[in-house]
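# Survey of secondary and tertiary structure
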Amino acid sequence: MLFDGFVAVVDSGVGGLTILNNLQTEFPRCDFLYLADSSHCPYGTKTATEIKSRLRVIAEWLTLQRVSAVVLACNTASVFAEDLRREFDMPFYDVIVPTCKLVAATTVTKCVALLATDFTVGSKIYSKRLVQFGIETVSFACSSLVPFVENNAVKTSECDFALQKALRDLPNVNADTVILGCTHFPILKNKIMQYTGKAQIVQCVTDYSPQKELRRFGETIFFTTGDVAATEKASKFFPEAHFAHLNI
Ligand code: DGL
């Protein structure tokens, strides 16, 4: 099974489909291989060693498949983009650097709020990068929200309760920009907007742009390392996604 020339789009689960959606629109003739590492989701509450070892397994498999590039459609994984670039002979695109550039172009007051996983917040990767643009970041560790997306439970009162617990102080920070620094969070955007007031919401972006892959077939293949039925249930917002199981 070789996916020569495909662009891999990788997330711990279904959140990265929000990035895939933009990539498919922007580059309709690229072939994409979406990989949900659902059997190891969530990443955001794991240790650096655990996340890195999963990313290595995935990168090794993608190298064997001869994909042309890897888009890390996950902020938590993007923390390790530099390590992966050093270790593997493949282009890796992260979501953090381009998103910070977009944030810098969006904020006027230079006070922004970051909603991200516990790991991304703990890594301080956003705040360190944004301070170079003179931007102050107030971070909210929101790993508690990820399972509601993965379990297709965003419309439950438990999800509302978790949002209230995680975001109750958000309206007090006076940020003019709120970063959805986890690719699962656009799926909760309407609910998150109840806490953002007049602030602009910035969703993650990637700066992937195709080289020779452009003249291909516009095909997308979906894999999950977890349960196929559960992954498809969680990805109902992306009806095109029909997953096959991948054992890595
Ligand atoms: N979608 C991932 C991100 O952007 C995180 C979800 C998880 O914790 O696995 O960080």
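In the block above lies the structure referred to throughout.
Scoring rules and cut-offs
- Residues numbered from 1 in each chain as written.
- Predicted model: local features only at pLDDT ≥ 70, side-chain atom pairs only at ≥ 80, totals over all residues.
- Heavy atoms only, no water.
- Helix = DSSP H or I, 4+ residues; strand = E, 2+ residues; numbered from the N terminus.
- Rg over C-alpha atoms; globule rule 2.2 N^0.38 Å.
- Buried < 20%, exposed > 50% of the residue type's maximum accessible area, 1.4 Å probe, protein only.
- Contact = heavy atoms within 4.5 Å.
- Areas by Shrake-Rupley, 256 points an atom, 1.4 Å probe, with all protein chains shown as cover.
- Lys, Arg positive; Asp, Glu negative; His and termini not counted.
- Charge placed at Lys NZ, Arg CZ, Asp CG, Glu CD.
- Pairing = 2+ DSSP bridges.
- Axes fitted to C-alpha atoms, helices over the stretch in contact; angles between N-to-C directions.
- Near = heavy atom within 4 Å.
- Polar contact = N/O pair within 3.5 Å; in protein donor to acceptor, adjacent residues only side chain to side chain.
- Nonpolar A, V, L, I, M, F, W, Y, C, P; charged D, E, K, R; others polar.
- Salt bridge = Lys/Arg side-chain N within 4 Å of Asp/Glu carboxyl O.

Okay, the overall build of the protein next. Counting its secondary structure elements, the protein contains 11 helices and 10 strands. By the compact-globule yardstick of 18 Å for 248 residues, the protein fits well, its C-alpha radius of gyration being 17 Å. Each of the three principal axes of the protein carries a C-alpha extent, and together these read 50 × 40 × 35 Å. With 248 residues in all, the protein has 55% of them scored as buried. Across the protein, contacts joining residues at least 24 apart in sequence account for 74% of those joining residues at least 6 apart. Roughly 11200 Å² of accessible area belongs to the protein as shown, and the carbon and sulfur atoms make up 52% of that amount. Of the side chains in the protein, 24 bear a positive and 25 a negative charge, and the two mean positions are spaced by 3 Å.

On to the sheet that holds strand S4 (residues 92–93), then. Spatial ordering of the open sheet is given by S4-S3-S1-S2-S9-S10, a layout of six strands whose pairing is parallel. The open sheet is flanked by S4 and strand S10 (243–245), the only strands paired with a single partner. Strand direction decides the pairing type here: strand S9 (residues 220–224) and S10, joined by three bridges, are parallel. If you follow Phe223 over to S10, its bridge partner there is Ala244. Here helix H1 (residues 17–26) sits on the sheet in contact with strand S1 (7–11), strand S2 (32–36), strand S3 (69–72) and S9, set at roughly 175° to S2. Sheet contacts for helix H2 (residues 48–64): S1, S2, S3, S4 and S9; angle to S2, the most-contacted strand, approximately 155°.

Looking now at the site of the ligand. Surveying the vicinity of the ligand reveals 14 residues, the closest of which are Ser12, Tyr43, Gly44, Thr76 and His184. Note that an oxygen atom of the ligand is positioned 2.8 Å from one of the backbone N or O atoms of Asn75. In the environment of the ligand, a nitrogen atom lies 2.8 Å from a nitrogen or oxygen atom belonging to the side chain of His184. Residue classes in the shell around the ligand are distributed as six nonpolar, seven polar and one charged.

Pairs may arise between side chains of opposite charge once their charged atoms sit close together. This structure, assessed with the given rule, holds eight salt bridges. With its nearest N and O atoms 3.0 Å apart, the salt bridge here joins Arg86 to Asp83. One end of the pair is Arg86 and the other is Asp83, both in helix H4 (residues 81–87) and three residues apart, which spans about a single turn. On the basis of relative accessible area, Arg86 is assigned to the exposed category, the value being 64%. Residues participating in the shared-partner salt-bridge network are Lys52, Asp83 and Arg86.

Let us look at the side chain of Thr225. Positionally, Thr225 belongs in the loop between S9 and helix H11 (228–234). At a separation of 2.8 Å, a polar atom in the side chain of Thr225 contacts the side chain of Asp37. At 2.8 Å, the side chain of Thr225 forms a polar contact with the side chain of Ser39. The residues touching Thr225, leaving out its near neighbours within four places in the chain, are Leu35, Ala36, Asp37, Ser38, Ser39, His40, Arg54, His245, Leu246 and Ile248.

The next point concerns helix H5 (residues 96–106). For H5, the complete set of buried residues consists of Ile96, Pro98, Thr99, Cys100, Val103 and Thr106. Considering only its buried residues, H5 is in contact with helix H3 (75–78), strand S5 (111–116), helix H7 (125–131), strand S7 (177–180) and strand S8 (200–203).

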